[in-house]
Amino acid sequence: MTETTQSAATPAGIIAKIVPPPAEHPPREYGRAFAPANIALSKYWGKRISALNVPANSSVSISLGHLGARTHISTLKAGDRDEIILNGTRLAPDSDIALRTASFLEEFRRAGYNYFFRLSSETNLPIGAGLASSAAAFAALVLALDDLFAWNLDRRRASILARLGSGSAARSVYTGFVVWHAGTAPDGMDSYAEPLDSDWPELALGLVIVSSRRKHIGSRSGMEHTRSTSPLYAAWVKQAESDFQTICDALRKKDLTKLGETAEANALMMHAAMLAARPPIIYWSPATLRVIQQVHRLRREEQIPIYFTIDAGPNVKLIFEAQQSAAVKRVFPESEIILPGGEPAP
Ligand code: PMV
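Residues numbered from 1 in each chain as written. Predicted model: local features only at pLDDT ≥ 70, side-chain atom pairs only at ≥ 80, totals over all residues. Heavy atoms only, no water.

## Section: the overall build of the protein chain
Counting its secondary structure elements, the protein chain contains nine helices and 13 strands. Taking 20 Å as the expected radius of gyration for a compact globule of 346 residues, we find that the protein chain reaches 20 Å, a close match to that expectation. The principal-axis extents of the C-alpha atoms in the protein chain amount to approximately 65 × 40 × 35 Å. Within the span of the protein chain, comprising 346 residues, buried residues form 54% of the whole. Within the protein chain, contacts between residues at least 6 apart in sequence are counted, and of these 76% link residues at least 24 apart. Where the 37 positive side-chain charges of the protein chain centre and where its 34 negative ones centre are 3 Å apart. (Helix = DSSP H or I, 4+ residues; strand = E, 2+ residues; numbered from the N terminus. Rg over C-alpha atoms; globule rule 2.2 N^0.38 Å. Buried < 20%, exposed > 50% of the residue type's maximum accessible area, 1.4 Å probe, protein only. Contact = heavy atoms within 4.5 Å. Lys, Arg positive; Asp, Glu negative; His and termini not counted. Charge placed at Lys NZ, Arg CZ, Asp CG, Glu CD.)

What follows is the structure, encoded as structure tokens:
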């Protein structure tokens, strides 16, 4: 088992380091922002500092263009709890999403921004597609707070704040290809995301949704369980750091074979580490494996260069270049094709 570090830093302490003093920044009428979802090509599954969502290894993702969360936030004049509205419906205060959002906002209160908020978020992500909607949600929330209080944060600092809500949200404050550095600092201040210099607008993703049921084990506890019980965890972290370098290089060179083969192996090893946890974590369904086998058959028998990645759920994300879209639709007619570089964020 690889240990996580106990850090003296707390989320509120990090917030106080990043945002300016509250007295100098009274709230405006409202703040708003959009942030895209992202899919990791080289993944994060395990933390170096749990309380701060600092990852054990670096990762790289592609942001989903116009697919994400748009958030509108204002302070409440009266009341003693946050009001959270998702896609037009007010959430029960004890629902998972409301609790998680309110506990994130609580860290800002601890850091001196002593307000309760009304937050309304709309998402255009395909429902139940296993897209990490929390990444877009926390990134949009941080950017909306930045707008509300006129902090004028640079993206690097916004990325650190978003990370405190959900690790992968660190990558959602940017469009395009994004690297998230693991960092080595005891307070995680060097664990932020930044854009990767690669111009590959033809790179496409295909969402193959095999189930839209909620996952039975969330990423936070799934990662912690893998770290503390899987004999493959240390090997996974080591390999993930190396895959990260390989994939960044493949993205810069627009090398689809290298990207696809490494991204697939990376996702499979992450799931292998979970399968080896005790008791195991199994996110796949039989349909997941059928999609994997179809992708391999397409490459082997039809020489069609399509690859896949899989996150903490049963759904499969295909990786290919736009000229293969017809082949993807033929074999996976239900899939949704996203050209992340093809459409600007709204
Ligand atoms: O940031 P979280 O807690 O939603 O975890 C994300 C985990 C994966 O999506 C499986 C991998 C990744 O790097 O996004």
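## Digging into the site of the ligand
Neighbouring the ligand are 14 residues, the closest being Y44, S166, S168, R171 and S219. Between the ligand and S166 there is a distance of 3.3 Å, counted from an oxygen atom to a side-chain nitrogen or oxygen. A total of 380 Å² of accessible area belongs to the ligand in isolation, and the protein chains cover 93% of it. Looking at side-chain class alone, the shell around the ligand contains six nonpolar, five polar and three charged residues. Among the domains, domain 1 (12-195) and domain 2 (203-338) are the pair contributing at least three residues each to the shell around the ligand. (Near = heavy atom within 4 Å. Polar contact = N/O pair within 3.5 Å; in protein donor to acceptor, adjacent residues only side chain to side chain. Areas by Shrake-Rupley, 256 points an atom, 1.4 Å probe, with all protein chains shown as cover. Nonpolar A, V, L, I, M, F, W, Y, C, P; charged D, E, K, R; others polar. Domains from an automatic or database assignment.)

## What about the packing of aromatic side chains?
Under the criterion given, the structure shown has 11 aromatic pairs. Relative to W151, the ring of Y113 lies with its centre 5.3 Å away and its plane at 85°, an arrangement referred to as edge-to-face. Here Y113, found in the loop between α2 (96-110) and β7 (117-123), pairs with W151, found in the loop between α3 (133-149) and α4 (155-165); they are 38 residues apart in sequence, far enough to count as distant. There is no split in this pair, since Y113 and W151 are both buried. Where Y115 meets F149, the ring centres are 5.6 Å apart and the plane angle is 40°; that geometry is what we call tilted. With a gap of 34 residues between them, Y115 in the loop between α2 and β7 and F149 in helix α3 connect regions that are remote in the sequence. The exposure class of Y115 is partly exposed, given its relative accessible area of 24%. Residue F149 is classed as buried on the basis of its relative accessible area of 1%. Among the aromatic residues, ring-to-ring pairing joins F104, F108, Y113, Y115, F117, F138, F149 and W151 into one connected group. (Phe/Tyr/Trp six-rings, centres within 6.5 Å; stacked < 30°, edge-to-face > 60°.)

## Things to note about the sheet that holds strand β13 (residues 336-338)
Taken in spatial order, the four strands line up as β11-β12-β10-β13 in an open sheet, and their pairing is antiparallel. Edge positions in the open sheet fall to β11 (307-310) and β13, since each of these has one partner strand only. Between one strand axis and the next, the sheet turns through 30° on average, direction left out of account. Two strands pair when backbone bridges link them, and β11 and strand β12 (residues 316-321) are joined in this way by four bridges, in the antiparallel orientation. Bridge assignment links T309 to a residue of β12, and that residue is K317. Where helix α8 (residues 286-302) meets the sheet, its contacts fall on β10 (203-208), β11 and β12, and the angle it forms with β11 comes to roughly 160°. (Pairing = 2+ DSSP bridges. Axes fitted to C-alpha atoms, helices over the stretch in contact; angles between N-to-C directions.)

## Structural notes on the domain arrangement of the protein chain
Accessible area lost on assembly of the parts is the figure often given for the size of an interface. Once the domains are mapped, the protein chain shows domain 1 (12-195) and domain 2 (203-338). When each unit is reduced to the centre of its C-alpha atoms, the spacing between domain 1 and domain 2 is 25 Å. Facing 28 residues of domain 1, the contacting portion of domain 2 comprises 40 residues. For the pair domain 1 and domain 2, the summed buried area comes to about 2,800 Å², and 67% of that belongs to carbon and sulfur atoms. Of all residues in domain 1, L41, K43 and W45 give up the largest surface area on contact with domain 2, accounting jointly for 33% of the area buried on that side. Counting the contacts that link domain 1 with domain 2 gives one salt bridge. Across the pair D311 and K43 runs a salt bridge whose closest N-O atoms are separated by 2.6 Å. (Buried area = accessible area lost by both parts, 1.4 Å probe. Salt bridge = Lys/Arg side-chain N within 4 Å of Asp/Glu carboxyl O.)

## Looking at the layout of surface pockets
Where empty space is left in the structure can be found by rolling a water-sized probe over the atoms. Its boundaries defined by the atoms lining it, the second largest pocket holds a volume of some 180 Å³. Contributing to the lining of the second largest pocket are R81, D82, E83, I84, R90, L91, P93, A98, L99 and A102. At the level of secondary structure, the elements contributing two or more residues to the lining of the second largest pocket comprise β5 (83-86) and α2. When residues of the lining of the second largest pocket are assigned to their parent elements, the largest contribution, three residues, is made by α2. By residue class, the composition of the lining of the second largest pocket is six nonpolar, no polar and four charged. (1 Å grid on protein atoms, 1.4 Å probe; cavity = no way out; pocket = protein on both sides within 12 Å on 5 of 7 lines; lining within 4 Å. Points joined across faces, edges and corners; volume = space filled by probe spheres on them.)

## Let's talk about the pairing of β11
The two faces of a sheet get side chains in turn, since along a regular strand they alternate between them. Neither face of β11 is open: one carries Y307 and T309, the other F308 and I310, and all of them are buried. Where β11 hands over to β12, the hairpin turn is made up of five residues, counted between the paired strands.

## Some remarks on the nonpolar core
Residues L145, W151, L161, L203, L251, L259 and I319 are the most contacted members of the largest nonpolar core, which totals 90 residues. Inspection of this core shows a minimum of three residues originating in each of domain 1 (12-195) and domain 2 (203-338). Every residue in contact with L259, bar those within four places of it in the chain, is listed here: L41, W200, L203, I247, A250, L251 and I319. Of all hydrophobic cores here, the second largest spans 17 residues; its members include I292, V295, A327 and F332. (Core = buried A, V, L, I, M, F, W, Y, C linked by side-chain atoms within 4.5 Å.)

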